[in-house]
Amino acid sequence: MSAYITVNTTGEALCFVVSLFCLYKDKEPAWRLFICFLLLTVVVEVCGIYLRTELHRPNFMIYNVFLLVECLMQSYFFYYLYKTYHNTQKLLIGWLTIFACFYFAELLKSHFGAYVSASSTTLSVALILASVYFYYLLLKEEKSRPLFTYAPFWWVNGTICFYFAGIACNLFFSYLVQDRTPGIGHSARYIVFSIINIILYLSWSYAFICRYRQRILSSSLD
Amino acid sequence: MQISSKDLILLIGLASVIFLIAPVSLITYVMLYNNRKKRHEQEKAWLKTSFENELLKSQMEVQEQTMQTLAGHLHDNIGQLLSLTAVTLSTIKPDDPLRVREKVDSASQLAKRAIKELRQLSRLIYGQELTRMGLDKAIAFELDYLKTADLHVITFDSNYKPKEGQHDKEIILFRIFQEILNNAVRHAEATAIDVAIQQDEQSLEVRIKDNGKGFVEEEVMKEKRGMGLFNIRKRVALIGGEVRILIQNGTEIKIVVPYP
């Protein structure tokens, strides 16, 4: 049982609970979708652990499928964020088509026998660029925003930290995965990922709370 | 190679910090920039409020000045004329028909003068509305009124053409002009006043020159008599212009404001 209670699963589960509480009445489907997405994340994580520890089978395929869901969710959410400024529907469709081609090409190349790490890196790069573009749009705006309580800003903050640190960790510190140190029992890579997962879910949870407060405030003003 | 637990924790900490430096810097930059934008917005709002306050004050002062002139005129001219008319009419004796005609004529003349004065006065009341028709008309009217006292030699030259969306600026400029004119007449005891409005594509210059006593700006400000001068400078700065004062054989004040 203790194998299922990790930093990642705990963080994801807590974030799911926060999203359920804060977003279930949200009028925007893009925000409400996070409830399903985070539930799916928890389920995938638990299934991954189950496959690895109980069935002693590789769990990359479940993560491969989840990568597609992740790409769809994050891309759609960025599309929703950009909608305030201008329509990026064509960009979204173009990007999803390119990613799908890349993803399936990689899957076929590995004969469905390995984790699609190149696709994962591509997704990370795209999401970092999307985050930077969101900041650019924020800076370009004529009016200032109350950023400390602006939900999209905190969502993007979590996303950029997670994917930036994740990609840097994957690309430059792959050797960290090798060393398991007595007393800690995990690779340095695992621990770094746990830290950035905490940052991601903290940031997202805060974004959901901001969103909840905004909804409560606007409904009390109506 | 086996890494010790202590080294690993250090390594993890270091790696996490390094990985997070770039996004955190970016987030910090966005927040700082946003704060700057917010401060800029607050400054703009403050400037707008103070501009509106000054505009309102100027409008009220223009009205006040008009009312003061009105009261003075009613008391000094029309009141006197009507009193004289009443006295003339009261001295008519019906048993002296020869003088009746003369006195009625005299009373009639006085009444006509009173009517003329009243007409002029009504134009003065209308005068505060003149700023709506253009700065030059308002200034010309103010100078015409001063001319009627026959105490000053006045010249006025203008190539002014009103432009859309500059009415607020005109009210403030007109009020500044009134203040300078008042100073010239009351404090400097000037006998000659030259006023000129020079307009080009981008700016407007209002020049008021008199042959009065003149003053030393620093002294006026130090003695705290310079509230009018302080207000003039403040208001001109508020509409983005500048004031140049030259004291030589009187006082020459030039106000240059952007007038696109």
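Coordinates for the structure precede this section.
Residues numbered from 1 in each chain as written. Chains lettered and ligands numbered in written order. Predicted model: local features only at pLDDT ≥ 70, side-chain atom pairs only at ≥ 80, totals over all residues. Heavy atoms only, no water.

Undergrad: Before we move on, could you go through the overall build of chain A and cite the residues and values that matter?
TA: Of the regular secondary structure elements, chain A holds 7 helices and 0 strands. Listed N to C, the secondary structure of chain A is α-α-α-α-α-α-α in terms of helices and strands. In terms of overall dimensions, chain A has a C-alpha envelope of 55 × 40 × 25 Å along the principal axes. Split into buried and exposed, the 222 residues of chain A put 46% on the buried side. Accessible surface computed for chain A: about 11700 Å², of which carbon and sulfur atoms make up 69%. In chain A, the 16 positive side-chain charges and the 11 negative ones have mean positions that sit 4 Å from each other. (Helix = DSSP H or I, 4+ residues; strand = E, 2+ residues; numbered from the N terminus. Buried < 20%, exposed > 50% of the residue type's maximum accessible area, 1.4 Å probe, protein only. Areas by Shrake-Rupley, 256 points an atom, 1.4 Å probe, with all protein chains shown as cover. Lys, Arg positive; Asp, Glu negative; His and termini not counted. Charge placed at Lys NZ, Arg CZ, Asp CG, Glu CD.)

Undergrad: Break down the pattern of salt bridges for me, with residues and values.
TA: Following the criterion strictly, the structure yields 12 salt bridges over all chains and no others. Among the salt bridges present, the one from A:Glu141 reaches A:Arg145, with a minimum N-O distance of 2.7 Å. Residue classification places A:Glu141 among the buried residues on the basis of a relative accessible area of 18%. Overall, A:Arg145 belongs to the partly exposed group, its relative accessible area being 22%. Salt-bridge contacts for B:Lys234 lead to B:Glu54; the nearest nitrogen and oxygen are separated by 3.0 Å. In this pair, B:Lys234 is assigned in helix H6 (residues 227–238) and B:Glu54 in helix H1 (residues 5–90), connecting sequence segments 180 residues apart. According to the relative accessible area criterion, B:Glu54 is buried, its value standing at 5%. Connected via shared salt-bridge partners are B:Glu54, B:Lys57, B:Lys234 and B:Arg235. (Salt bridge = Lys/Arg side-chain N within 4 Å of Asp/Glu carboxyl O.)

Undergrad: Can you break down unusual backbone geometry residue by residue, with the values?
TA: Most peptide bonds take the trans configuration, and most residues that are not glycine carry a negative phi. Residue and element names in this part refer to chain A. Located in the positive-phi region is His 111, a residue other than glycine, with phi close to 55°. Using a relative accessible area of 67% as the deciding quantity, one classes His 111 as exposed. One non-glycine residue with positive phi stands out, namely Phe 112, at about 55°.

Undergrad: Outline the environment of A:Leu138, listing residues and values.
TA: Within the element layout of this structure, A:Leu138 appears in helix H5 (residues 117–140). For the pair A:Leu138 and A:Phe153, spaced 15 residues apart in the sequence, the C-alpha separation amounts to 8.9 Å. If we skip the residues at most four places from it in the chain, A:Leu138 touches A:Tyr85, A:Arg145, A:Leu147, A:Tyr150, A:Phe153, B:Val30 and B:Lys37. (Contact = heavy atoms within 4.5 Å.)

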